[in-house]
Number of protein chains: 2
Amino acid sequence: MSNQSNISKKKVINFGAGPGKLPEQVLQHVQKELLAYNNTGISILELSHRSIEFKNIVEEAQITLREILHIPDNYKILFMQGGGTGIFAAIPLNMMTTGTADYLVTGTWSDKAAKEAVKYGKVNLVLPQITKYTEIPDPSTWKLDPNASYVYYCANETIHGIEFNYIPETNGVPLVADMSSNILTRSFDVSKFAVIFAGAQKNIGPAGVTLVIVREDILGQAMKICPTILDFTVMANNNSIYNTPPVFQIYVVGLVFKWIKENGSVEGMEKLAIAKSQKIYDVINKSKNFYSCPVKSDVRSRMNVPFRIGKNDEKLENEFLSGASERGMLQLKGHRLVGGIRASLYNAVTIEEVEKLAEYMMWFYQKYDKN
Amino acid sequence: MSNQSNISKKKVINFGAGPGKLPEQVLQHVQKELLAYNNTGISILELSHRSIEFKNIVEEAQITLREILHIPDNYKILFMQGGGTGIFAAIPLNMMTTGTADYLVTGTWSDKAAKEAVKYGKVNLVLPQITKYTEIPDPSTWKLDPNASYVYYCANETIHGIEFNYIPETNGVPLVADMSSNILTRSFDVSKFAVIFAGAQKNIGPAGVTLVIVREDILGQAMKICPTILDFTVMANNNSIYNTPPVFQIYVVGLVFKWIKENGSVEGMEKLAIAKSQKIYDVINKSKNFYSCPVKSDVRSRMNVPFRIGKNDEKLENEFLSGASERGMLQLKGHRLVGGIRASLYNAVTIEEVEKLAEYMMWFYQKYDKN
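Basis of the calculations
In every chain, residue numbers begin from 1 and rise along the written sequence. Whichever chain is written first becomes A and whichever ligand is written first becomes 1, with later ones labelled in order. Per-residue local features of the predicted model are confined to residues with pLDDT of at least 70, and side-chain atom pairs are confined, for both listing and counting, to 80 or more; whole-chain, interface and lining totals are unaffected and use all residues. Excluded from the side-chain calculation are hydrogens and water; included are all heavy atoms of the structure. UniProt positions are given in the numbering used here, feature names are shortened, and annotations may be inferred rather than shown by experiment. Elements are defined by DSSP. Helices are runs of H or I of four residues or more, strands are runs of E of two residues or more, and each kind is numbered from the N terminus. Computation of the radius of gyration draws on C-alpha atoms alone. For the globule rule, the value is 2.2 Å times the number of residues to the power 0.38. Burial status follows relative accessibility: with a 1.4 Å probe on protein chains alone, a residue under 20% of its type maximum counts as buried, one over 50% as exposed, and anything between as partly exposed. By definition in these notes, contact holds between two residues if any of their heavy atoms fall within 4.5 Å. Residue burial considers only the protein chains on display, and all accessible areas are found by Shrake-Rupley using a 1.4 Å probe. In this tally, Lys and Arg are treated as positive and Asp and Glu as negative; His is ignored, and so are the chain termini. Charge coordinates come from a single atom per side chain, which is NZ of Lys, CZ of Arg, CG of Asp or CD of Glu. What qualifies as a polar contact is a pair of N or O atoms within 3.5 Å, subject to a donor-acceptor requirement within protein and to the restriction that residues adjacent in sequence count only when both atoms come from side chains. In this analysis, axes come from line fits to C-alpha atoms, helices being fitted only over the stretch in contact, and the angle between any two N-to-C directions falls in the range 0 to 180 degrees. For this classification, under 35 degrees means roughly parallel, over 145 means roughly antiparallel, 65 to 115 means roughly perpendicular, and everything else is oblique. In a left-handed crossing the near helix is turned counterclockwise from the far helix by less than a right angle, and in a right-handed crossing that turn is clockwise. Gly counts as polar in this scheme, as do all residues outside two lists: the nonpolar Ala, Val, Leu, Ile, Met, Phe, Trp, Tyr, Cys and Pro, and the charged Asp, Glu, Lys and Arg. The quantity called pLDDT is the predictor's confidence in a given residue, expressed from 0 to 100. The term buried area denotes the loss of accessible surface (1.4 Å probe radius) that occurs when two parts are joined, taken as the sum for both partners. What makes a salt bridge here is a side-chain nitrogen of Lys or Arg within 4 Å of a carboxyl oxygen of Asp or Glu, nothing more. Paired strands, as defined in this entry, are two strands with at least two bridges between them according to DSSP. Boundaries of every domain are those given by an automatic assignment or by a domain database. The atoms used to superpose the copies are C-alpha atoms, taken from residues with pLDDT of at least 70 in both, and the fit is least squares.

Looking at an unreviewed UniProt entry, chain A carries the name phosphoserine transaminase, with the source organism given as Apis cerana cerana. UniProt, in its Sequence similarities (unreviewed entry) section for chain A, records the words "Belongs to the class-V pyridoxal-phosphate-dependent aminotransferase family. SerC subfamily." UniProt lists a comment for chain A under the heading Pathway (unreviewed entry), and it reads "Amino-acid biosynthesis; L-serine biosynthesis; L-serine from 3-phospho-D-glycerate: step 2/3."

Set out below in structure tokens:
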């Protein structure tokens, strides 16, 4: 991949929760060949989805992903549209064969998924309903329904900063995971899952394409009312080129997969994710409650670190955000549902960038702490 | 918009049916600011969909489109995902209030739309079913159902090269048009329609976003089983930023709208579309059946000109395609359903480029015609 430096470097650090930062090398590669893809004379923005070039783009992206995520042969890799919200409907439409499904609601995104599924069948809430999402109740307390068509969970909740550090045991019921915000940031055993999906705009690529990894035995069971565009089987049978797919996004996604492969693969990204998040949590822990993260320590997210300052001191938080912005550190404002600050540390955010944030946090703490 | 010439010019002409050619100036503009959008220091591929910058991108695109297409105030402009295929489901899901709908099937795309609608209600085929699409039966022969929730048609069929040169009269029943392949290429009275939609990848922008123009009284009637991602009302209430939209495509689409405005607007595009298509049909007409277009002259498309050579002489057609390719004229192969040649003449294809094709056709005719 091109690593040329004749293009002006960005001077900001994007800690946005999504769309998030993309690898600089990928952006430069895209820019370089934007007018003419791979000597075709045609821009990737104009390239036919029926061309041999695009077929190769799709297949290479699939091969690279299969390699870096160790995806077994009995899984199809699909590129779909509609983001996570589209797949929230697609899951029940393709999988709710018994009329009921289990949902683990651990934050806003799994809550939205459960509410969408109610349109298509009975939704069993496995966990007690809670208003503040700060923990994941122990599996011994879960009320799983053995008759459920599937068990659904969100592996990382971006708004509340809650991440599963284990794969739920479902006793043979097909397991579905929304990994929109942490896929390709940790190793895991794909064979434990029936379906894994992820909107691209955090660790995979630009917004506008959704990755779906589906075990073959799940196919062929869609409801009759399933829109073709959300039908996993149609997409699998046509290798994601049934209708015109988002050609550009799939192209960029393929470049990001390659970038990950060339930069330590998923295992390397995981090591970095641990190191990066630890740097921020360390500052929080050392700050004697000047900074506080409401999430229980065992489920704190490596991807999204939400924290408050003082006793939810909004004035001081705004001060923190202004100072960060002056230093080129952008998109640190917490989601409006929880307030405060949120640092998102996706794969493309470097450890040096995280160190800058940690240093700023220390400086800010030493300046404003009144204890 | 930037018109710099320090970037190597493409040497090919893209006559593809979609994704199709985009204006060179738009591509150069996108390339120039790909690493940093509008002095944010953040790439458009990373820009938050909740940022003020993106809100402005959406609103400017809507304002420009409303101006160039003369869209009345009681219509919402939506940017959705899933292409035309997604909207084929969205139309009945949002509009089939009486349980039945009228479909005018004049080619592959309206046929697909009708088949998708069958999932959600009764589909009344207004025209007699025909296997070869070469004409539009006279309105006096249509069997419209006064109880239909809506009347659906495809304004331009890309595969068969059939284009309506009038707006169907529905006697008050809401009218829905798929204008994927001819929107922004002709003036028309938007107020005659309940819904107009168009996949971007022909005259609007890159694949991955679908334009929907919906009259406000249509909103609020979606079926309970309508996936959120296909719900016009949810999208209208959130100005197309309910979930993460395809930020990049909406940005490019806005640039294309601006390019159209600065280059004669829709009225100018229409004059060019007439002139460009006439050049190709003229060669066909003058060729004494060496070239033949099966479509009746009154409904021949200005956008997609399908034709055969000799008596469907595939060997000669391949010869034609090879020669065209050697001259840099690409993507002229007809759709596999109809064979032969197809020249797509979308807005970004210049009259000079069409002239080159016409000249090549004349040369080829003079060389190979045996009459």
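Some words on the overall build of chain A
Per the secondary structure count, chain A includes 9 helices and 14 strands. Against the compact-globule benchmark of 21 Å for 371 residues, chain A has a radius of gyration of 21 Å, which places it among compact chains. In terms of principal-axis extent, the alpha carbons of chain A reach across some 60 × 55 × 30 Å. Residues classed as buried in chain A amount to 65% of the 371 residues present. Counting contacts in chain A only where the partners sit at least 6 residues apart, residues at least 24 apart contribute 68% of the total. Accessible surface, chain A as shown: approximately 14,300 Å² in total, 49% of it carbon and sulfur. When the 40 positive and 37 negative side-chain charges of chain A are each reduced to one mean point, those points stand 5 Å apart.

Here we look at the UniProt feature "domain: Aminotransferase class V" (unreviewed entry) in chain A
The UniProt record annotates "domain: Aminotransferase class V" (unreviewed entry) at residues 13-357 of chain A. The distance separating the terminal C-alpha atoms of residues 13-357 of chain A is 9 Å; by composition the span is 33% helix and 15% strand.

Observations regarding the environment of Ser277 of chain B
Of note, Ser277 of chain B is situated in helix H7 (residues 265-286). Engagement of the side chain of Ser277 of chain B in a polar contact is seen with the backbone oxygen of Ala273 of chain B, the distance being 2.8 Å.

Things to note about the packing of helix H1 (residues 24-32) of chain A against helix H6 (residues 247-262) of chain A
In helix packing, the relevant descriptors are the interaxial angle and the interaxial distance, both defined with respect to the helix axes. All names here are of chain A. Two elements in contact, H1 and H6, have axes whose closest approach is 10 Å; the angle formed by their N-to-C orientations is 135°. The angle between the axes of H1 and H6 places the two elements in the oblique class. The two elements H1 and H6 cross, and the hand of that crossing is right-handed. The segment H1 lies against H6, with Gln25, Val26, His29 and Val30 engaging Phe248, Tyr251, Val252, Leu255, Val256 and Trp259. Per-class residue counts for the contact of H1 with H6 are 8 nonpolar, 2 polar and no charged.

What to know about the confidence of the model for chain A
All names here are of chain A. This prediction gives chain A a mean pLDDT of 95; 97% of its residues lie at or above 70. Below a pLDDT of 50 lies the segment residues 1-9, which in the model reaches 18 contacts outside its immediate sequence neighbourhood of four places, other chains included. Listed scores for the predicted complex are pTM 0.96 and ipTM 0.96.

Remarks on the interface of chain A and chain B
Facing the 59 residues of chain A at the interface are 59 residues of chain B. Where chain A abuts chain B, roughly 4,600 Å² becomes buried across the two surfaces, and 60% of that area is made up of carbon and sulfur atoms. Looking only at chain A, the three residues that lose the most surface to chain B are Leu35, Leu45 and Glu46 of chain A, adding up to 16% of its buried area. Where chain A packs against chain B, one counts 0 salt bridges. Applying the counting rule to chain A against chain B returns 18 residue pairs in polar contact (both at pLDDT 80 or more). Every element with two or more residues in the side of chain A that touches chain B is listed here: H1, helix H3 (83-95), helix H4 (108-117) and H6 of chain A. Element by element, the count of residues in the side of chain A that touches chain B is highest for H1 of chain A, at 6 residues. Class assignment for the residues of the side of chain A that touches chain B results in 27 nonpolar, 23 polar and 9 charged.

Here's the deal with the pairing of strand S8 (residues 175-178) of chain A
Each regular strand carries side chains that alternate between the two faces of the sheet. Residues and elements named next belong to chain A. Of the two faces of S8, the one holding Leu175 and Ala177 and the one holding Val176 and Asp178 are both buried throughout. Both strand S5 (residues 151-154) and S8 contribute to a ladder of 4 bridges, which runs parallel. Along S8, the bridge assignment pairs Tyr153 with Ala177. Pairing of S8 with strand S9 (residues 195-199) involves 3 bridges; the strand directions are parallel. Along S9, the bridge assignment pairs Ala177 with Ile196.

Structural notes on the sheet that holds strand S4 (residues 122-125) of chain A
Residue and element names in this part refer to chain A. Taking strand neighbours across the sheet as the criterion, the 7 strands line up as S2-S10-S9-S8-S5-S3-S4 in an open arrangement whose pairing is mixed. Since the sheet does not close on itself, it has two edges, and those belong to strand S2 (75-80) and S4, each with one partner. When strand polarity is set aside, the average angle formed by the axes of neighbouring strands in this sheet is 20°. Taken together, the 6 bridges between S2 and strand S10 (residues 210-215) define a ladder with antiparallel strand orientation.

Examining unusual backbone geometry
All names here are of chain A. A cis amide bond links Gly18 to the next residue, Pro19, at an omega of -5°. Its place among the elements puts Pro19 in the loop between strand S1 (13-14) and H1. The backbone of Asn312 shows a phi angle near 50°, a positive value even though the residue is not glycine. Examined against the element boundaries, Asn312 turns out to sit in the loop between strand S12 (304-309) and helix H8 (314-326).

Observations regarding the domain arrangement of chain A
In many reports, interface size means the accessible area that the parts give up when they come together. Residue and element names in this part refer to chain A. We note that the domain assignment places domain 1 (27-262) and domain 2 (265-368) within chain A. Put simply, the middle of domain 1 and the middle of domain 2, counted by C-alpha atoms, are 27 Å apart. Facing 27 residues of domain 1, the contacting portion of domain 2 comprises 24 residues. Of the roughly 2,200 Å² buried between domain 1 and domain 2, counting both surfaces, carbon and sulfur atoms make up 53%.

Concerning H1 of chain A
With 7 of its 9 residues buried, H1 of chain A lies for the most part within the structure. Inspection of H1 of chain A places Glu24, Val26, Leu27, Gln28, His29, Val30 and Gln31 of chain A among the buried residues, and these make up the whole buried set. Where H1 of chain A is buried, its residues contact H6 of chain A together with helix H1 (24-32) of chain B.

Focus on the relation of the copies chain A and chain B
Each copy superposes on the other: chain A lies on chain B with an RMSD of 0.0 Å after a rotation of 180° and an axial shift of 0.0 Å. Both chain copies can therefore be described as sitting about a two-fold axis. In terms of proximity to the rotation axis, the leading residue of chain A is Gln31 of chain A, whose C-alpha is 2.7 Å off the axis.

A few points about the pattern of salt bridges
All chains considered together, the criterion is met by 24 salt bridges over all chains. Residue Glu353 of chain A is joined to Lys21 of chain A by a salt bridge in which the shortest nitrogen-to-oxygen separation is 3.4 Å. Of the two residues, Glu353 of chain A sits in helix H9 (residues 351-368) while Lys21 of chain A sits in the loop between S1 and H1, which places them 332 residues apart along the sequence. The class for Lys21 of chain A is buried, based on a relative accessible area of 8%. A salt bridge links Lys55 of chain B to Glu59 of chain B, with the shortest nitrogen-to-oxygen separation between them at 3.3 Å. Here Glu59 of chain B and Lys55 of chain B lie together in helix H2 (residues 52-68), a separation of 4 residues that amounts to about one turn. By relative accessible area, which is 29% here, Glu59 of chain B ends up partly exposed.

Considering the packing of helix H3 (residues 83-95) of chain B against helix H4 (residues 108-117) of chain B
Residue and element names in this part refer to chain B. Between H3 and H4, whose axes approach to 8 Å, the crossing angle comes to 45°. When the axis of H3 is compared with that of H4, the two are oblique. The chirality of how H3 crosses H4 is right-handed. Here Phe88, Ala89 and Pro92 of H3 come into contact with H4, specifically with Trp109, Lys112, Ala113, Glu116 and Ala117. Looking at the contact of H3 with H4 residue by residue, the classes come out as 6 nonpolar, no polar and 2 charged.

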